[in-house]
Amino acid sequence: MQVKENHVVQIDYTLTNNEGQVLDSSNGKQPLAYIHGHGQIIPGLEQALEGKAAGDKLDVTIPAEQAYGEHRPDLVQQVPASAFAGVEKVEPGMRFQAETDQGPIPVTVTAVTDEAVTVDANHELAGQELNFAVKIEAVRAATETELDHGHVHGADGHQQH
Ligand code: ZN
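Residues numbered from 1 in each chain as written. Predicted model: local features only at pLDDT ≥ 70, side-chain atom pairs only at ≥ 80, totals over all residues. Heavy atoms only, no water.

1. Side note on the environment of Ile105
Inspection of the secondary structure assignment puts Ile105 in strand β7 (residues 103-112). A sequence separation of 16 residues divides Ile105 from Ala121, and the C-alpha atoms of the two residues are 7.2 Å apart. (Helix = DSSP H or I, 4+ residues; strand = E, 2+ residues; numbered from the N terminus.)

2. Comments concerning the nonpolar core
Core analysis: the largest hydrophobic core is formed by 21 residues, its most contacted members being Ile11, Leu45, Leu49, Phe132, Val134 and Ile136. Of all the secondary-structure elements, those providing two or more residues to this core are β1 (7-16), α1 (43-49), β4 (57-62) and β9 (130-141). Residue contributions to this core peak at five residues, all from β9. Setting aside residues up to four positions removed in sequence, Ile136 forms contacts with Val3, Val9, Gln10, Ile11, Leu49, Lys52, Ala53, Ala54, Gly55, Asp56 and Leu58. Counting residues in hydrophobic clusters, the runner-up holds seven residues, among them Val90, Phe96, Val117 and Val119. (Core = buried A, V, L, I, M, F, W, Y, C linked by side-chain atoms within 4.5 Å. Buried < 20%, exposed > 50% of the residue type's maximum accessible area, 1.4 Å probe, protein only. Contact = heavy atoms within 4.5 Å.)

3. Topic: the packing of aromatic side chains
The tally for this structure, following the rule as stated, stands at two aromatic pairs. Taking the centre distance of 5.0 Å and the plane angle of 65° together, the rings of Phe84 and Phe96 count as edge-to-face. One end of the pair, Phe84, is in the loop between β5 (76-80) and β6 (95-100); the other, Phe96, is in strand β6, with 12 residues separating them in the sequence. When sorted by exposure, Phe84 lands in the same class as Phe96, which is buried. (Phe/Tyr/Trp six-rings, centres within 6.5 Å; stacked < 30°, edge-to-face > 60°.)

4. Side note on the domain arrangement of the protein chain
Splitting the protein chain by domain gives domain 1 (7-68 + 126-149) and domain 2 (73-120). Distance from the C-alpha centre of domain 1 to the C-alpha centre of domain 2: 31 Å. (Domains from an automatic or database assignment.)

5. A few points about the pairing of β9
In this structure, β1 lies alongside β9, joined through 10 bridges in antiparallel fashion. Looking across to β9, one finds that Thr16 is bridged to Asn131. Both β4 and β9 contribute to a ladder of six bridges, which runs antiparallel. Bridged to Lys57 within β9 is Lys135. (Pairing = 2+ DSSP bridges.)

6. Focus: the pattern of salt bridges
Under the counting rule described, the total for this entry stands at five salt bridges. A salt bridge links Glu124 to Arg95, with the nearest nitrogen and oxygen atoms 2.9 Å apart. Linking Glu124 in the loop between β8 (116-120) and β9 with Arg95 in strand β6, this pair joins segments that are 29 residues apart in sequence. According to the relative accessible area criterion, Glu124 is exposed, its value standing at 51%. (Salt bridge = Lys/Arg side-chain N within 4 Å of Asp/Glu carboxyl O.)

7. Observations concerning the sheet that holds β7
If you walk across this open sheet you meet the four strands as β5-β8-β7-β6, and the pairing is antiparallel. The open sheet has two edge strands with one neighbour each: β5 and β6. With strand direction ignored, the average angle separating the axes of adjacent strands in the sheet is 45°. In the sheet, β6 pairs with β7 via six bridges, with the strands oriented antiparallel. (Axes fitted to C-alpha atoms, helices over the stretch in contact; angles between N-to-C directions.)

Given below as structure tokens:
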């Protein structure tokens, strides 16, 4: 069965950056299960999987704009250190939920001085070309209920409700 819209696809994958560092992997975990054609995985990977079949292996390099987007400088902000008054120690790499007009968004602290904290609301993989080594484990038609709920059910899914 081929990967196409409204099908549940299970993949084993390893994600590396261009330095060869492993950023994420299904190794030792359940394969990732998603419903194809619904934007549940990054666009470049979804496109690469289209038309492939269970058992196929592929290595794809996905440019940033087809992955988590370009790094947007306007999403990097300096806030006064006083905004973190309740936090014992603010260090680069820490993550917070920032309250915004669009609701809470995750931000990462990238720099700290006595006066100001620089926070970056870009996705941590924004601006990066990503390399996926993928093996397609299984493909099946999604059920009506799965399409209705927008997620995979059963032993190969992460959610059961
Ligand atoms: Zn459900």
